[in-house]
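Listed below, chain by chain, are the residues.
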Amino acid sequence: MIIYGWNTKNIKQAPLPNHACPSCKESNSYVAVFAHYAHIFWIPLFPYKKTIQIYCAHCQLATEENTMQAEMRGKMKQLKSTVSIPKYLFSGLFIIALAISYFAYSGHQQGQLEAEYISNPQVGDVYIIKDSEEKSEYNHYLMKVNAIEPDSLIVAFSSYYYNGIVDKLDPADGFYNVAYAIHKDQIKNFDVSGDLKKVMRDYSLSAEFDRVVEFNPEVLEEVVE
């Protein structure tokens, strides 16, 4: 659940000498400037306006800017313009900008790393590829490099299709014990077309990419039918 809302912060307060309160006639008032800001999870996101009021410490009368007499309203407006909004009231925007920069940098670094993996494949690399001809939502499969030849990769395919990018095999899934040779350029073609969604290397044992399942053409034919 996202908690958001609006709040007010007193950012400047000072005595207002020689000002007689219109209610009690006492000269015991001060002026206060407030910043109104939006927040999310109680973190200030951004301020959206400033207001000013005169407060009588004797009778607690608070006079808003729009109810002041014209001359006093002009003075208060000028005073309000000289009060700067604290930078910490923009902290939410700063955090968001920082997060965007971090993810953009991480994505760029990951992209460069995967480009290196594509250019220089290694045994054990796992590719997640989207099958553009598969019409169901389960249109992603995995392909693992078992061996490398001068211009080809010897690969095995996962027995399951997935509905997106995964970082581990389904408990019942594995790579078939039958391998195929594909040209190295085919991986680059997958990348150019956008069908190559992820390249994984140096993955943990929990991914269980070492699991092998027996290829059974008869079972495959039954599934297709």
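Our subject is the structure that appears above.
The rules we used
- Residues numbered from 1 in each chain as written.
- Predicted model: local features only at pLDDT ≥ 70, side-chain atom pairs only at ≥ 80, totals over all residues.
- Heavy atoms only, no water.
- Pairing = 2+ DSSP bridges.
- Helix = DSSP H or I, 4+ residues; strand = E, 2+ residues; numbered from the N terminus.
- 1 Å grid on protein atoms, 1.4 Å probe; cavity = no way out; pocket = protein on both sides within 12 Å on 5 of 7 lines; lining within 4 Å.
- Points joined across faces, edges and corners; volume = space filled by probe spheres on them.
- Nonpolar A, V, L, I, M, F, W, Y, C, P; charged D, E, K, R; others polar.
- Salt bridge = Lys/Arg side-chain N within 4 Å of Asp/Glu carboxyl O.
- Buried < 20%, exposed > 50% of the residue type's maximum accessible area, 1.4 Å probe, protein only.
- Axes fitted to C-alpha atoms, helices over the stretch in contact; angles between N-to-C directions.
- Contact = heavy atoms within 4.5 Å.
- Phe/Tyr/Trp six-rings, centres within 6.5 Å; stacked < 30°, edge-to-face > 60°.

Trainee: Explain the pairing of strand β3 (residues 43–56) residue by residue, including any values.
Mentor: One ladder, built from twelve bridges, connects strand β2 (residues 29–40) with β3; its direction is antiparallel. What sits directly across from valine 33, in β3, is isoleucine 52. Here β2 hands over to β3 after two residues, with phenylalanine 41 in that stretch at a positive phi of 50 degrees. Pairing of β3 with strand β4 (residues 62–64) involves three bridges; the strand directions are antiparallel.

Trainee: Can you break down the layout of surface pockets residue by residue, with the values?
Mentor: To find leftover empty space, one rolls a probe the size of a water molecule over the atoms. Computed from the structure, the second largest pocket encloses a volume of approximately 200 Å³. Taken together, His19, Ala20, Pro22, Ile54, Thr63, Thr67, Met68, Gln69 and Met72 make up the lining of the second largest pocket. Looking at side-chain class alone, the lining of the second largest pocket contains five nonpolar, four polar and no charged residues.

Trainee: Give me the pattern of salt bridges: which residues, what numbers.
Mentor: Evaluation of the coordinates by the stated rule reveals four salt bridges. Note that arginine 201 is salt-bridged to aspartate 125, the shortest N-O span being 2.7 Å. Pair noted here: arginine 201 is in the loop between β10 (196–200) and β11 (212–213) and aspartate 125 is in the loop between α2 (91–119) and β5 (126–130), with a separation of 76 residues, a long-range link. Of the two residues, arginine 201 and aspartate 125, neither departs from the other in class, the shared state being buried.

Trainee: Now, about the sheet that holds β5: what can you tell me, with residues and values included?
Mentor: Pairing is antiparallel in the open sheet, where five strands are placed in the order β9-β7-β6-β5-β10. Both outer strands of the open sheet, β9 (180–183) and β10, are each paired with one neighbouring strand and no more. Pairs of neighbouring strands in the sheet enclose a mean axial angle of 35 degrees, with direction left out of account. Sheet analysis places β5 next to β10, joined by four bridges and oriented antiparallel. Across the sheet, residue valine 126 finds its bridge partner in β10, namely methionine 200. Lying on the sheet, helix α3 (residues 184–193) is in contact with β5, β6 (140–148), β7 (152–157), β9 and β10; it crosses β9 at an angle near 65 degrees.

Trainee: Before we move on, can you summarise the sheet that holds β4 with the specific residues and values?
Mentor: Spatially, the four strands line up as an open sheet ordered β1-β2-β3-β4, and their pairing is antiparallel. Edge positions in the open sheet fall to β1 (4–16) and β4, since each of these has one partner strand only. Within the sheet, the average angular offset between the axes of one strand and its neighbour, ignoring direction, is 35 degrees. Bridge count for β1 against β2 is twelve bridges, and the pairing is antiparallel.

Trainee: Explain the packing of aromatic side chains residue by residue, including any values.
Mentor: Tallying each qualifying case throughout the model produces nine aromatic pairs. Consider the rings of phenylalanine 175 and phenylalanine 209, whose centres lie 6.2 Å apart with planes at 70 degrees: the pair is edge-to-face. Placement of phenylalanine 175 in strand β8 (residues 175–176) and of phenylalanine 209 in the loop between β10 and β11 is noted, with a sequence separation of 34 residues between them. Owing to a relative accessible area of 2%, phenylalanine 209 belongs among the buried residues under this scheme. Chaining the aromatic ring pairs together yields one cluster made of Tyr141, Phe157, Tyr161 and Tyr180.

Trainee: Talk me through empty space enclosed by the protein; I want residue IDs and the actual numbers.
Mentor: Tallying each qualifying case throughout the model produces one cavity of 30 Å³ or more. The computed volume of the largest cavity comes to approximately 30 Å³. In terms of residue count, the dominant contributor to the lining of the largest cavity is β3 (three residues). Taken together, the residues that form the lining of the largest cavity break down as six nonpolar, three polar and no charged.

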